[in-house]
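# Structural description and commentary
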Amino acid sequence: MAAAEASPPASRMLPQPRLVPLAWRNLVSNKRRLLRSSAGIAFAVLLMLVQLGFERAFFEVSLAVVRALDGELFIMNASKYRFGTSDPFAHNLLDTAKDVSGVASAAPFYLEWQRFFWKSPEDGKQHLVQVFAFDPDRPVLTIDGVDGQREALKRDDSVLVDRSARPSLGMDKNATESEINGQRVEIVGTFSLGPDFMSDGTIVMGDKTFAKLLAGNREAAAALPVDTGVIKVRPGQDIDQTKRALRAALPPTVTVMTKPELIEFERHYQADLSSAGPIFWLGTIVGFVVGMLISYQIIYTDLSDQLPQYATLKGIGYSTGYISRIVFTQAVLSALAGYIPAWLLCLGVYWVIGRLALLPLHMTLGLTLLSFGLTLAMCLASAAIALRRVTTVDPAEVF
Amino acid sequence: MAFHLAWRILTHEKLRTVLATAGIFVAILLVFIELGFFVAVPQGGMLIYDHMRFDLLLTSDKYVFQAQSWVFPRAQLADAAKVQGVASATPVYFGSAKWQDPNGGVKPDVFVIGIDPKGRLFSVSDIERQTATLDRADTILVDNTSRSLLGSLTAGRAVDLNGHRVTIGGDYLLGTGFLGLGVMLANEANFFRIFPMQRPEAVNLGLITVNPGSDPAQVAAELRRTLASDLRVFTRDELASHEEAYWTTRTSVGLIFGSGLIVSFIVGIMVLYQTLATQISKHLPEFATLKAVGYTDGFLTLVVLIESFIVVIVAFIPALAAALALYSVFREQTLLPIGLNAIRLFGVLGITMIMAAISSFLSVAALRRADPADVF
C-alpha cells in the first residue's frame, strides 16, 4: 500500500486494483498452461505427501499400542530402551504401586514378541506373533473389540486375534480354533490393530492363558513378571504429583512415565535409534527439494510468458508493490491449484497403499497443514526468486 | 544441418538451457535414488549371507528369513556331510540376547551368531584375522556398525549378554543388515553359555560347501533326495531370491520403496515433459518462420528431437555421477549394497530417452498446428 501511495498521480486514475482479480485471470487465461502447471505442482505435492504419509504411518504403527493403553501412568523396567521389547519387572512392585496415594489401580500388562508361535488355521504354518495379555478383570487396553470381549477371555485357552494381521497368518478367516506353541486355543473374537515393523500379527489373551502357553514359564499368572504396569490415577488427583509419589515409593530399577512421556520415549527410539527413521527423512527432503525445483520452474515460466503484460502494467504506471502482490497472489493460487487435486489424489493413493501394505496411511489435519505449508513455502519462495525478472523489466525492451 | 540448428537453439539462450538441464538433472537423479532404494533395501536381508562361505544352505522347512530361521537336528547335518559331492557341512547358531553394561543402563536386543572359528565361515578379513580371539573363553567379536546405543565397542570392555559376562575381543566391519541394533560373533562354547536354553543339537543353519568340480545344483538335488523332508536346501541364487522376496512382499519394504519409485518416475516424467515443452514453445515463432520459408514438419520434428536428446544426455551424465556419489555415501552409512548394474543404468537412460521423444512429439504437435501468420 505504501508503494501504491508513492506512485505518480497518473496512477490515481487507474482502476482500483481490488476491482480486477488480475492474479486469478492470469492463472485461468490459458487453460492448457494452467493444466500443465497445476499437474506439475500436484505431482511434487503428491511426492511429499506420500513420503510424509509413510513416515507418519511408520511412527503410528509403532505407537498404536502405547496410545491404546488405558491408564495415565506407566511403570516399566528402567533398562528398557523402547516399549516394544520384552524386559519385565517383578510382579510384587505393582502391590507397592497400588498403595501409593493417588493411585486408583495398578494393573499388569504382559507383552511378548519372541516366545509365541501361532499356527495358521489355513495352512498350518507357524508364525511368530506379538502377544498382549492382561487380567480380564483389570482391563488395560482400549483397542476396539478387546474391551467388549473381556468376559470371553476368562475362559481357559481363549484368545482374540487381529483380523487386520498379515493375510498369511490366516487370522481373518473366521476360524474358531487353532494352536499356539503347540497347544489348542479357542478363538473367541477378533479386533483390528494391523501389523507393524516387528510383528505380522497380534493375539490378545487373559493372563492365565498367557502363563499357561508361554514357553518355559513355570510361574502362576499372579506371580508372572510384568512388562508394563498400567496405573489409573484417582479422579481429581494430580497426575504429576502421583507420578512423583510413585517414583519415591518404587526402586530405581523401574521408571514411571506419563502417557506423553511414553509416546515420546518410543518415538525417540523410532526416529533416532532405529535405522528406518532416516530413510523417511531423506525421502521427505528429496520430495521438498524436487517440489521446490518444479514449482520454481513452473512459476518462472508462467511469469516469463506473461512478461509483456506485466511490462505493460508497469508502463502505464502500476507500482512495483502492486505487481509483486499480483505475483505472490498468483503463486498462492498456483499452489492451491496444484495442492487441491494432489490432496484428493493422495486420498486414493493412501487408500490403495494402506490396503496393500496394511499400513495406517491416513490423511490427518496435521498432515494436511504441514504439506500445505510446505507447498505454499515452495511456491512463495519460487515466486520471490522469479519476481526479480518481473520487477526489473524495462517496458520498452519487452516489445 | 538439423543437429547444427538444434545446437544453435540451445546455445542461443544459455541461461534457459542451463535451467532446463538442471531441472532434468534433478528428475533423473530422483529416479536413480528411488530405484537404488527399491533394489538395495530388500538386499539388506542378504548382507550377512553375502559374506559367508557356502555353496548350499540347509535349513528347517519352517525357515522364514534369516532372523526367523527355526532349527533342525544336528544329526541331519552329519547325514548331509556324507552325501556325494559335499565337502563340508558346518552348523551356525543364532540367538537374540539382551546387551547391558555391567554398571546397568538400557538393555538393547542384539543378535548373536555362534560358529566354529576354525570353519572360516566368514569371508571378512577382520574376522579371519581374529580367529584366535574368538577361541578365547567368554570373548565375542562385535560388528562395529552396531548402533551407538550399545556404547563403546573397544576391545577389552566387559558386557553382559543375557546376564552372562563376556569381553569384547575386537570388532569387525560387515554390517548389521536387518538383524537389529547389533550383531556379534561367539564360538560355539561361548554361545551356549550365553544361551543356556538352546541346545547344540538344534542348529539354525547348515552351511554346505561342495567338492571342487561338483555342481552345487546337482548336489542340492542329491541332498533333497536323501535328507528328511522337513529340511530345506537353498542354492545361493535360491536363497537370494527367497530373502529378497521376503522383504519385498512379506513386509512393507517393497511397497514403501516401490510406490516411491513409481511416484519418482511420474515426477521425473512431468519435469522432463514440462521442461522440454517450455523450451520448444519458446521457439514457436522461429519454428513457424522456418515452416513458412519451406522447411518440412519432418525436419522440424527432427530438430526438436535432437534438441531434447542433447539436453537429456547433458543432464544424464552429471545425474549419474551425483547418483553414484550419493550411493557411496548411502553404502558407507548402511553397508547396504546399493549400486548400479548395466540393466538399471541403461533402463533409466532408455526411459529418459523415450520420455524425451514423447515430450518432443507432444510439443511438435503444437508446432504442426502453428500457422506462421498466427504466431506473430
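Residues numbered from 1 in each chain as written. Chains lettered and ligands numbered in written order. Predicted model: local features only at pLDDT ≥ 70, side-chain atom pairs only at ≥ 80, totals over all residues. Heavy atoms only, no water.

## A few points about the overall build of chain A
Operational definition: Helical segments are the DSSP runs of H or I of at least four residues, strand segments are the runs of E of at least two, and each set is numbered from the N terminus. Put simply, the radius of gyration uses C-alpha atoms, and a globule should come to 2.2 Å times the residue count raised to 0.38. Burial status follows relative accessibility: with a 1.4 Å probe on protein chains alone, a residue under 20% of its type maximum counts as buried, one over 50% as exposed, and anything between as partly exposed. Residues count as neighbours in contact if any of their non-hydrogen atoms are within 4.5 Å of one another. Surface accessibility in these figures is a Shrake-Rupley result with a 1.4 Å probe; residues are shielded only by whichever protein chains are displayed.
Helix and strand counts for chain A come out as 13 helices and 11 strands. The C-alpha atoms of chain A give 30 Å as radius of gyration, which overshoots the globular expectation for 399 residues (21 Å, by more than 25%). The C-alpha extent of chain A, read off along each of the three principal axes, is 95 × 50 × 35 Å. The buried share of chain A, taken over its 399 residues, is 53%. In chain A, once contacts between residues fewer than 6 apart in sequence are set aside, the share between residues at least 24 apart is 79%. Counting every atom, chain A has about 17,500 Å² of accessible surface; 59% of that belongs to carbon and sulfur.

## Points about the interface of chain B and chain A
This is how the line gets drawn: Accessible area, probed at 1.4 Å, shrinks when two parts are joined; the buried area is that loss added up over both. For this analysis, a salt bridge means a side-chain nitrogen from Lys or Arg found within 4 Å of a carboxyl oxygen belonging to Asp or Glu. N or O atoms closer than or at 3.5 Å make up a polar contact, with two conditions inside protein: a donor-capable atom paired with an acceptor-capable one, and, for residues adjacent in sequence, both atoms drawn from side chains.
Between chain B and chain A, the contact holds 40 residues from the first and 45 residues from the second. Counting the surface lost from both chain B and chain A, the interface buries some 3,800 Å², and carbon and sulfur atoms represent 67% of this. Sorting the residues of chain B by area buried against chain A places Arg250(B), Ile256(B) and Gln274(B) first, and these three jointly supply 15% of that buried surface. Applying the counting rule to chain B against chain A returns 2 salt bridges. Residue Asp87(A) is joined to Lys107(B) by a salt bridge in which the shortest nitrogen-to-oxygen separation is 3.7 Å. At the boundary of chain B with chain A, the tally comes to 8 residue pairs in polar contact (both at pLDDT 80 or more).

## Describing the state of the cysteines
All names here are of chain A. Note the cut-off: Our working definition of a disulfide is a cysteine sulfur pair at a distance within 2.5 Å.
Here the structure, examined in full by the defined rule, presents 0 disulfides over all chains. Take cysteine 346: it sits in no disulfide, and the sulfur closest to it among the cysteines is that of cysteine 379, at 17 Å. Note on cysteine 379: relative accessible area 0%, which makes it buried.

## Re the environment of Ser199(A)
All names here are of chain A. Relative to the helices and strands, serine 199 is located in the loop between β8 (183-191) and β9 (202-206). Residue class for serine 199 comes out buried when judged on its relative accessible area of 5%. As for serine 199 and valine 129, which are separated by 70 residues in sequence, their C-alpha atoms are 6.0 Å apart.

## A closer look at the packing of helix α2 (residues 14-43) of chain B against helix α10 (residues 253-282) of chain B
Residues and elements named next belong to chain B. What counts is decided by this rule: Throughout, an axis means a line fitted to C-alpha atoms (over the contacting stretch in the case of helices), and angles, computed between N-to-C directions, take values from 0 to 180 degrees. Oblique is the label for every angle not falling under 35 degrees (roughly parallel), over 145 degrees (roughly antiparallel), or within 65 to 115 degrees (roughly perpendicular). Rotating anticlockwise by less than a right angle from the far helix to the near helix defines a left-handed crossing, while the corresponding clockwise rotation defines a right-handed one. The nonpolar class holds Ala, Val, Leu, Ile, Met, Phe, Trp, Tyr, Cys and Pro. Asp, Glu, Lys and Arg form the charged class, and all remaining residues, Gly among them, are polar.
Two elements in contact, α2 and α10, have axes separated by 9 Å at closest approach and are oriented at 165°. On the basis of the axis angle, α2 is roughly antiparallel to α10. In the packing of α2 onto α10, the handedness of the crossing is left-handed. Per-class residue counts for the contact of α2 with α10 are 18 nonpolar, 9 polar and 3 charged.

## Notes on helix α9 (residues 236-250) of chain B
All names here are of chain B. Filter applied, for reference: Each helix should span, by expectation, one fewer than its residue count multiplied by 1.5 Å. Relevant arc is that of directions from the helix axis to the C-beta atoms, nothing else.
A rise of 1.5 Å per residue sets the reference length of α9, with its 15 residues, at 21 Å; its end C-alpha atoms lie 20 Å apart and thus fit the reference within 8%. Along α9, the positions that sit buried rather than exposed are Leu239, His242, Glu243, Tyr246 and Trp247. End-on, the buried residues of α9 take up no more than an arc of 120°, which puts them together on one face. Among the exposed residues of α9, those oriented more than 90 degrees off its buried face are Asp237 and Thr249. In the core, the buried residues of α9 are packed alongside α2, α3 (47-50), β1 (56-60), β11 (231-235) and α10.

## Some points on unusual backbone geometry
For Asp157(A), which is not glycine, the phi torsion reads 60° and is therefore positive. In this fold, Asp157(A) is placed in the loop between α5 (150-153) and β6 (158-162). Positive phi, normally seen in glycine, also occurs at Trp70(B), with a value near 60°. Turning to its location among the elements, Trp70(B) is positioned in the loop between β1 and β2 (72-73).

## Regarding the pairing of strand β3 (residues 86-100) of chain B
Residue and element names in this part refer to chain B. Keep this limit in mind: DSSP-based pairing: two strands are paired if at least 2 bridges between them are found.
Where burial is concerned, most of β3 is hidden: 11 out of the 15 residues are buried. In this sheet, strand β10 (residues 205-210) lies alongside β3 in antiparallel orientation, the contact comprising 6 bridges. Following the sheet pairing, proline 91 is matched in β10 by glycine 206. In this sheet, strand β4 (residues 109-115) lies alongside β3 in antiparallel orientation, the contact comprising 6 bridges. Each residue of the ladder has a partner; that of serine 96, found in β4, is phenylalanine 111. Bridge analysis of β3 against strand β6 (residues 158-161) gives 2 bridges, and the strand direction is antiparallel. The partner of tryptophan 99 across the bridge, within β6, is leucine 161.

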